[in-house]
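Listed below, chain by chain, are the residues.
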Amino acid sequence: MRRTVRHLFRRILTPASLASQCIKLEIISAQNPEIPSNRIPAGIYVSIDVDSRRCWKSAVKVLSSDNSVAWGDAVTLSSQASPTLSIEIRAYYELDRMLGNGEVIGKLKISRDELLDHGDEPFELSFPPVRGVHPSLTLKTAVVHACDNLDGALFVSHADCEIITRETDAGHARLAEYMSSGTDSHLNDAVGNFQLVLDQCLVGHPDRAAALTNLAWARLEGYIRKDLQDIDNITSLICEALALRPHGHPDRALSLYCLIRTLIWRYSRERTAVYIHESAQLCCELLPLCPEGTYLRGISLDNAVNYVIPECNNLPTDASNECIRLRRNILEFCPAGHQHHPHALGELAQAVEARFDQHGSVDDLDESIQLRREAVSLFPEGHSSRDTYLNNLALSLSSRFGHQRKFHDLEEAITLYEEVLRLRPAGHKSRDFSLSNLGLALCTRFIERGDIDEITRAISLHREALALCPSGNSSRDTMLNNLAHALQTKFEKLHASEESAEDLNEAIDLYRECLRLQGHDHPNRHTALHNLSSALCSAFTRTRKNEDVKEAIDLCEESLLLLPSLHPDRCLSYVRLQEAYLARYQVHNNPADLSLAMENFRLASRHPTRGFPDRIHEAINWTVAAEEYSHASALEAYKTFFELLDRHLVAQSSIVARRESSSAFRRPSAFPVKAASCAIRLDNLRGAVELVEQGRGQQWSLASRLRSPLEDLKFTDPILAHKFSELSKRLSDAQGSAGSTDRAAADRAAIKYRKLTNQWDAVVAQIRNLPAFSRFLLPPSFAELQVAARHGPVIILIASQYSCSAIIVPTSGEPRHVSFPRITLADLEQLKDDFATTIRHTARMHPRKPREKLQRRLRVVWDEIMLPIVNVLQDDLKLQRRSRIWLCPTAAFTSIPLHAANPFRSRADRSGPEACLEDIFICSYTPTLSALIRSRQRMETCVTQTFAAIGQGEPGAGQGNVLPAVNIELELVREHIPPNIKFTNLSKDEATQAGALDALRLNTWVHLACHGKQDLEQPYNSSFAMRDKPLTLLDIMENNSPQAEFAFLSACHTAVGDEETPDEAVHLAAGLQFSGFKSVVGTLWGVNDALAKHFVEAFYEKMFEDMEDGVMDCTNAAHAVNHARDSMKMKVPLEQRIVFVHIGV
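Residues numbered from 1 in each chain as written. Predicted model: local features only at pLDDT ≥ 70, side-chain atom pairs only at ≥ 80, totals over all residues. Heavy atoms only, no water.

Chemist: I would appreciate a short explanation of the packing of helix α4 (residues 184–200) against helix α5 (residues 208–224) in the present structure.
Modeler: A pair of packed helices is captured by two measures, namely the crossing angle of their axes and the spacing between those axes. The N-to-C vectors of α4 and α5 enclose an angle of 160°; their axes lie 9 Å apart at closest approach. Between α4 and α5, the interaxial angle falls into the category roughly antiparallel. Regarding α4 and α5, the two cross each other, and that crossing is left-handed. Across the interface between the two elements, L187, V191, F194, Q195, V197 and L198 of α4 pack against R208, A211, L212, N214, L215, A218, R219 and G222 of α5. When the residues that make up the contact of α4 with α5 are grouped by side-chain class, the tally is nine nonpolar, three polar and two charged. (Axes fitted to C-alpha atoms, helices over the stretch in contact; angles between N-to-C directions. Helix = DSSP H or I, 4+ residues; strand = E, 2+ residues; numbered from the N terminus. Parallel < 35°, antiparallel > 145°, perpendicular 65-115°, else oblique. Left-handed = near helix turned anticlockwise from the far one by under 90°. Contact = heavy atoms within 4.5 Å. Nonpolar A, V, L, I, M, F, W, Y, C, P; charged D, E, K, R; others polar.)

Chemist: I would appreciate a short explanation of the sheet that holds strand β20 (residues 1031–1032) in the present structure.
Modeler: Hydrogen bonds along the backbone pair up the strands of a sheet, which may run parallel or antiparallel. Read across the open sheet, the three strands follow the order β18-β19-β20; overall the sheet is antiparallel. Whereas interior strands pair on both sides, the edge strands pair on one side only; in this sheet they are β18 (1012–1013) and β20. (Pairing = 2+ DSSP bridges.)

Chemist: I tried to follow helix α26 (residues 671–681) on my own but got confused; where do I start?
Modeler: Every α-helix carries 3.6 residues per turn, so stepping three or four residues along brings you back to the same face. Among the eleven residues of α26, ten are classified as buried, and the element is accordingly described as predominantly covered. Looking one or two residues past α26, D683 carries a phi angle of roughly 60°, positive in sign. (Buried < 20%, exposed > 50% of the residue type's maximum accessible area, 1.4 Å probe, protein only.)

Chemist: How should empty space enclosed by the protein be read in this particular structure?
Modeler: If you roll a probe as big as a water molecule over the atoms, it shows you where there is empty space left. Summed over the entire model, instances satisfying the criterion amount to four cavities of 30 Å³ or more. If you trace the largest cavity, you find it lined by R39, I40, Y93, E94, A210, T213, N214, W217, R245, L254, Y257 and C258. Of all the elements in the fold, those that place two or more residues in the lining of the largest cavity are α5 and α7 (252–270). The greatest single-element share of the lining of the largest cavity, amounting to four residues, is contributed by α5. Split by residue class, the lining of the largest cavity holds seven nonpolar, two polar and three charged. (1 Å grid on protein atoms, 1.4 Å probe; cavity = no way out; pocket = protein on both sides within 12 Å on 5 of 7 lines; lining within 4 Å. Points joined across faces, edges and corners; volume = space filled by probe spheres on them.)

Chemist: Would you explain the environment of A458 in this entry?
Modeler: Note that A458 resides in helix α16 (residues 452–467). Between the alpha carbons of A458 and A441 there is a distance of 8.2 Å; along the sequence they are 17 residues apart.

Chemist: Looking at this structure, I do not really get the pattern of salt bridges. What am I missing?
Modeler: Opposite charge on two side chains lets them pair, provided their charged atoms get close. For the structure on display, the rule yields 51 salt bridges. The residue R422 makes a salt bridge to E419 at a minimum N-O spacing of 3.8 Å. Of this pair, R422 and E419 both sit in helix α14 (residues 407–423), three residues apart, which is roughly one turn of the helix. In this structure E419 comes out as buried when scored by relative accessible area, which is 17%. (Salt bridge = Lys/Arg side-chain N within 4 Å of Asp/Glu carboxyl O.)

Chemist: How should the side chain of N329 be read in this particular structure?
Modeler: Structurally, the position occupied by N329 is in helix α10 (residues 321–333). For N329, the contacting residues outside a window of four places in its chain are A280, Q281 and C284.

Chemist: For this particular structure, what's the right way to read the confidence of the model for the protein chain?
Modeler: Keep in mind that low pLDDT regions are not for reading the predicted coordinates in detail. The predicted model of the protein chain averages 85 in pLDDT, with 89% of residues at 70 or higher. Note that residues 1–19 has pLDDT below 50 and, in this model, 39 contacts with residues that lie over four places away or in other chains. (pLDDT = per-residue confidence, 0-100.)

Chemist: Would you explain the sheet that holds strand β1 (residues 21–31) in this entry?
Modeler: Overall, antiparallel pairing links the four strands, which are arranged β4-β1-β8-β7 in an open sheet. With one partner strand each, in any of the chains shown, β4 (68–77) and β7 (123–126) form the two edges of the open sheet. Sheet twist, expressed as the mean angle between neighbouring strand axes with direction ignored, is 25°. Relative to strand β8 (residues 136–145), β1 runs antiparallel, the two sharing ten bridges. Bridge pairing in β8 places I23 opposite V143.

What follows is the structure, encoded as structure tokens:
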């Protein structure tokens, strides 16, 4: 036995002094307490045999990762104690109830005199080596005065050992010997000792978990050393022990580690993935239970994790939730900076994207892109792995483009593919895939843009890729398919010709070879089946060979058998089937083929896991086909389209993104009127009103959902109302006005927005479960829409290729249909263009010169459009003269001054001119019925009225010329404002963008005189010219003004939208109405600065005459506009009188 001590000085004590003094022994720390059995201890303690009857034990302390233990415990040894002390370091394997005395790490004897040799200084006591390392204790002694039973509470008496204690200690000793010698008899003895203990600890015994663990650990050591131990039984023992140590148990961490170690060893022998999966999951649970710095965390668990990570990364990745959970666990083990962090990011990205491929949740695809962006950021230029991570990010972006049709994703993907190809020159092992990936992306862009150079380059890239994959290459089938796809795309986009027919024939041959190579069990066989089916259908259209279309249908049926019910690509099977059935119907006119085609349109557009863009495209094609062939499903197709478009747009994270997403689809701008026309042909006028309302003004409808009045809901369920209100505000705040140029930041914002949208949808679903709220925020029914006509009928004017007519929504009763038999859509488009030309012409005419061309155009409007409506209003509905009516124009009608319809003829009896529309009724406009309803709902709020006049006659650079009459106009307005109303004048340097926004938000009435600019390409950039920068429509929409009542917009082009989507009514006047103004006066074209003041003066004179109680009433605005037009006949030319229109209440 070796003892090492440090002699500092020697104290000389006489026998008399020893008899009267005691020794205080402090246990400071231990170093290198190696465990002979190599187990992970729960804790370490020190034991001192004071005499034959008494033993002192220190507290049990946790071993640190530097293989040391700190105590600070002390024992006072009386003068009667034995002159020789036995000191042991022991390991315990339980923190809760300790079973036995633990395993001996080191043991030695030392005399009292030797302890006192070191004075008051700490000294080190070294123990015999364990695996070549000497455990040691750092101690400190001090002489204290004699006392009786000092620290007596810390002493325990030796007693006859119980069988459990004796056998447990013997088992630890035998296992330690086995680990040192490898002698099987020692292991058998240890297993026998521990089994005997377990037999004593039956079910319900408090020490059963410890007994199970000891036995399992001993048997596991035998398994590790290739002893014939039953690993299933070992695993069962540990699992039972773990079950007895639930969450919160102090020994659960050790049981978890024991099970992890067992599963890792089992996986190393059997290579069964479930064991490494479970190990990773258990490591995740164990990590938070192991504080940093502990031996269990720093040595044992880290070693286990370091084994689990690469083993898991080498496992195949699939779309299962189990696999994704595993990948998340692995990423948790590999934080930023860890060597395996990039690989873990990539594996998780691959797993969630695989789940997207299976189930179509765009959240998975967005997460994959986020993970891949992070991985790319870890590999700077020049890193050998950069090309792999760039390529993977490009693949994910391409996939998202296919799902959402966001063009910036495709552009970014192509840029990344180009960089990857540059990093993979000729001879690189992955060059074939880089060529093919870039070719596919270019082919996709060719479909979108039609640039022949791109499809030519795409085909060239695919041919080069195929040349790199000769017969026998595992990737040849992919390269065949991709080249065939490019050739077929070229054929279909460039239309049939002998040269392009050769492309199609080659594509069919390539698809067939691809299928032959893939075999029946290939995971991507369904894609090749779809593609060959499509090519054969194209061939049938060209050659009319029945065997081609039959084979195309059979191939699609086979693909459906291969795909699970919720696989996104089943949608493509339905698409190919409808193409084949419709192609065959066009040739043979078999009604059964038409029915099957429509059914597959229905299945494709309603397939729940396919992205909305693909489904919307199918719904569009369905409506076109159903209308073309007069199929009964046409109305259902329109409804499906509106529903899908609504769900797609509401998930977009900004107003601009919603418009861009909507405009990405071809032909949908005419769908509201087409749907209404379809319903009219079916004599379903209520349905026509509902459909035209659902389809029109979609941008306003979606945005207004986040500003819904909640009074009724607050009364019914105030908690739910508050939750809805808070989520609506968060959603509204999260709507960015434009996409970020940082694509990663834009992705994060979109994901955050979509999560908020999902929460909002869930709350809306809860609200709809309440009594009387079943239609909360759903497209309104006719009964709900008819409320818009409470103060006068609303006339919806519908212009489609099928018919032009009007629907009158009366105050009560059924809607009335008014046909325009002599007007077609082409006539209306021509009339619209004629008005635009005429208005431009009149701007150059002398004010007093007759506007004969303009009068002729307005006569056509009266005779062909408004007179039939007036007849129904007067004769059928008995509407009184000078009653109010609201016009709700669609399509081409939105650019025609319907309110100014005038026969410009004398009566037959020559008693005067025939009455025009403004002589008979007071006309207002509304973009939608819902907009009118919302404005009326806001009228119920009572606020203190204030008036702001905003004028900018000298706008900032590039915004327009000087308007000299602006300040005169503002003064005219001020003179007419009632004296009790607070008035603010904002002009010159004060009329800035921010100042104008504040005025709009803080005042109930506003007059705005300045330049107005209509942006035809991006209507949200339409603006009012201010001193510093433009006040845009987007600024106004985001500037909520719930108290606002009235706005007069004395500026050009404030009440006319863009030509591409006229039914959206995206213009400045509508924006003010949306932001809160209930009543707005706007303009249809340019306003003459010098003449506008005359109209303004006449308007306000009428507006404020006979004002009761000093309260301004915005519902008088329509009467005031009508009066101003009439009173200005001798002062202002016709086009400058009718330019002003009233919108709203």
